[in-house]
Amino acid sequence: MKSGHGWRVGNMSDLQFLPGTRHRPHLKRPMWIIVLVSFVCLFLVCAYIYPPNSHSACYVFSSRGCKALSDWLPPAPVRELTDDEIASRVVIRDILSTPPVRSKNSKIAFLFLTPGPLPFEKLWDKFLHGHEGRFSVYVHASKNKPVHLSRYFINREIRSDQVVWGRISMVDAERRLLANALKDPDNQHFVLLSDSCVPLHDFDYVYNYLLYSNTSFIDCFEDPGPHGNGRYSEHMLPEVDLKDFRKGAQWFTMKRQHALIVMADNLYYSKFRDYCKHGVDGKNCIADEHYLPTFFNMIDPVGIANRSVTHVDWSERKWHPKSYKARDVTYDLLKNITSFDFSEHAKSDEQKTVLERPCVWNGIRRPCYLFARKFYPDTLDNLLNLFSNYTTL
């Protein structure tokens, strides 16, 4: 007799159950959970493959922004370097790893980038006087050969070429100055100056500040706004990625090792020559504001100070910095500039963020600036009269 229940045969060890008819209730599938999990997975995959280009997009999912998103994602695969990158990095690594050769007569090379005359030549003569053998002067005059008033500037012009503001020709002129100054093995530090630059301290202060810091004062910061990362072109890939793109003022001081690396570089220079210029992708990329900051951020970020020692006043938030006329030049103005112990970087994002960085050396805050620009020629008499006072502040 068939039954839907089990029946016993023999003792308990022989217990068997015959299959019977079972009625199980249909399970309700939680479709909303499946849809939610699928959406999250799809989002993470897309975020990994196509990372957000806008920082504001990250805040849709987390108040911590892109940092919180990146914590959840797997690390990006390491890109295989191109042959040119390998060759470039080998040369750079060897230059950086070679101990600098200290000259018995270490000098500072002052590199003047000017379209013509140097209106503050008398002031620089006063600054340099009495320190012969501790400095060199090089002049790149792109338009007119200047008539010199100081013996330190006579016959110091190098072969020059036309320079156009915002174009790669500005970088070419900087490299031309470095190349000529590197021919003298005693030149250990290199200072780029314009025709509107003036010294803020006496020579000994500047000499010790630069030669004993063992760093290059190259301005470098990240600007997520339209006049920073907004100038980046994907044509620079794979060698230059957006995450490495930086901005900074062109007025650098540079130790000899870094000057050699700049002259040895052709790979990264060519990327900025070809793709950081007006009209590429409808943008206006300015090479002299991006090449060196990006280059050193990639190859030796700990070797630069991420700031310039040349003061420029951008407080007016215009295309060009504030210029000083004769009526502006007072003892108080110069004292104020020399007292700054932090540097400012104005970003071009919507918030117009101002990044402040303390100027620290050996754990001690110290004045940031050794030079300043932009001064009109009519300020010369005031500066000469105040020189002995403000340079000892």
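Here the structure is a predicted model, which is why all the values come from computation and not from measurement. (Residues numbered from 1 in each chain as written. Predicted model: local features only at pLDDT ≥ 70, side-chain atom pairs only at ≥ 80, totals over all residues. Heavy atoms only, no water.)

Visitor: So what's going on with the pattern of salt bridges? Which residues, and what values?
Guide: In this structure the tally under the stated criterion is 10 salt bridges. Taking the shortest distance from any N to any O, the salt bridge between K243 and D244 comes out at 3.4 Å. A salt bridge links R273 to D274; the nearest nitrogen and oxygen atoms lie 3.0 Å apart. The exposure class assigned to R273 is partly exposed, which follows from its relative accessible area of 34%. In this structure D274 comes out as partly exposed when scored by relative accessible area, which is 30%. (Salt bridge = Lys/Arg side-chain N within 4 Å of Asp/Glu carboxyl O. Buried < 20%, exposed > 50% of the residue type's maximum accessible area, 1.4 Å probe, protein only.)

Visitor: Report on the packing of helix α6 (residues 168-182) against helix α10 (residues 287-299), specifying residues and quantitative values.
Guide: Between α6 and α10, whose axes approach to 8 Å, the crossing angle comes to 55°. For the element pair α6 / α10, the angle class is oblique. Residues I168, M170, V171, E174 and R175 of α6 lie in contact with α10, whose contacting residues are A287, D288, Y291 and L292. Here the contact of α6 with α10 is composed, by residue class, of 6 nonpolar, no polar and 3 charged. (Axes fitted to C-alpha atoms, helices over the stretch in contact; angles between N-to-C directions. Helix = DSSP H or I, 4+ residues; strand = E, 2+ residues; numbered from the N terminus. Parallel < 35°, antiparallel > 145°, perpendicular 65-115°, else oblique. Contact = heavy atoms within 4.5 Å. Nonpolar A, V, L, I, M, F, W, Y, C, P; charged D, E, K, R; others polar.)

Visitor: Break down the sheet that holds strand β4 (residues 198-199) for me, with residues and values.
Guide: Read from one edge to the other, the open sheet built from 3 strands follows the order β4-β13-β8, with strand pairing classed as mixed. Each having just a single partner strand, β4 and β8 (310-311) make up the two edges of the open sheet. Of the pairings in the sheet, the one linking β8 to strand β13 (residues 371-372) comprises 2 bridges and is parallel in character. Paired with H311 across the bridge in β13 is A372. (Pairing = 2+ DSSP bridges.)

Visitor: Quick one: what's the story with the packing of aromatic side chains, residue by residue and with numbers?
Guide: For the coordinates displayed, the defined rule picks out 22 aromatic pairs. Here the aromatic rings of F135 and F203 are separated by 6.1 Å at their centres, their planes lie at 65°, and the arrangement is edge-to-face. Of this pair, F135 sits in strand β2 (residues 135-141) while F203 sits in helix α7 (residues 203-211); the two residues are 68 residues apart in sequence, bridging distant segments of the chain. Here a set of aromatic residues connected by ring pairs shows up, and it is made of F110, F112, W124, F127, F135, Y152, F153, F203, Y207 and F371. (Phe/Tyr/Trp six-rings, centres within 6.5 Å; stacked < 30°, edge-to-face > 60°.)

Visitor: Talk me through the side chain of S213; I want residue IDs and the actual numbers.
Guide: Topologically, S213 is positioned in the loop between α7 and β5 (216-219). A polar contact of 3.3 Å, which involves the side chain of S213, links it to the backbone oxygen of Y209. At 2.9 Å, the side chain of S213 forms a polar contact with the backbone oxygen of L210. In this structure, S213 is in contact with N208, W361 and R366, ignoring residues within four places of it in sequence. (Polar contact = N/O pair within 3.5 Å; in protein donor to acceptor, adjacent residues only side chain to side chain.)

Visitor: Can you break down the pairing of strand β1 (residues 107-114) residue by residue, with the values?
Guide: Put simply, side chains in a regular strand alternate between the two faces of the sheet. Taking burial as the measure, the 8 residues of β1 include 8 buried ones, the bulk of the element. Of the two faces of β1, both are covered, the one formed by K107, A109, L111 and L113 as well as the one formed by I108, F110, F112 and T114. Judged from the 7 bridges that link them, β1 and strand β3 (residues 187-194) form a sheet pairing that is parallel. Residue pairing across strands places A109 opposite F190, the latter belonging to β3. When β1 meets β2, the two strands line up parallel, connected through 7 bridges.

Visitor: Help me get a handle on the packing of helix α9 (residues 267-275) against α10, residues and values and all.
Guide: Contact geometry of α9 with α10 gives a least axis separation of 10 Å together with a crossing angle of 145°. The way α9 lies across α10 gives a crossing that is right-handed. Counted together, Y268, Y269 and F272 of α9 and H290, Y291, T294, F295 and M298 of α10 form the full contact between these two elements. Across the contact of α9 with α10, the residue classes break down as 6 nonpolar, 2 polar and no charged. (Left-handed = near helix turned anticlockwise from the far one by under 90°.)

Visitor: Explain helix α4 (residues 83-97) to me, using residue names and the numbers behind them.
Guide: With 15 residues, α4 extends 21 Å from end C-alpha to end C-alpha; this agrees with the ideal 21 Å at 1.5 Å per step. Along α4, the residues classified as buried are E85, S88, I92 and I95. Across the axial projection of α4, the buried residues extend over an arc of 100°, all falling on one side. Set apart from the buried face of α4 by more than 90 degrees, the exposed residues are D83, R93 and S97. Against the buried residues of α4 lie α8 (256-264), α9 and α10. (Expected span 1.5 Å × (residues − 1). Arc of directions from axis to C-beta.)

Visitor: How would you sum up the environment of F371? Please name residues and give values.
Guide: Its location among the elements puts F371 in strand β13. Assessed through its relative accessible area of 0%, F371 is described here as buried. Those residues within four positions of F371 in sequence are excluded, and the remaining contacts are F110, W124, V191, L193, V198, P199, L200, V206, V309, T310 and H311.

Visitor: Can you explain the environment of R307? Please cite residues and give values.
Guide: Among the secondary structure elements, R307 is positioned in the loop between β7 (304-306) and β8. For the pair R307 and G248, spaced 59 residues apart in sequence, the C-alpha to C-alpha distance is 7.9 Å. Discounting residues that sit within four places of it in the chain, R307 has contacts with Y209, F217, I218, D219, C220, S343, C359 and C368. Polar contacts involving the side chain of R307 include one to the main-chain carbonyl oxygen of C368, which spans 3.1 Å.

Visitor: Tell me about the state of the cysteines, and please be specific about residues and values.
Guide: Here the structure, examined in full by the defined rule, presents 2 disulfides. Covalently, C276 is tied to C285 through a disulfide, its sulfur atoms 1.9 Å apart. One disulfide, between C276 and C285, carries an S-S torsion of -75° and so falls in the left-handed class. Pair check on accessibility: C276 and C285 agree, each one buried. One disulfide bridge connects C359 with C368, the sulfur atoms lying 1.7 Å from each other. Across the disulfide from C359 to C368, rotation about the S-S bond amounts to roughly 100°, and the bridge is consequently right-handed. Overall, C368 belongs to the buried group, its relative accessible area being 0%. (Disulfide = S-S within 2.5 Å.)

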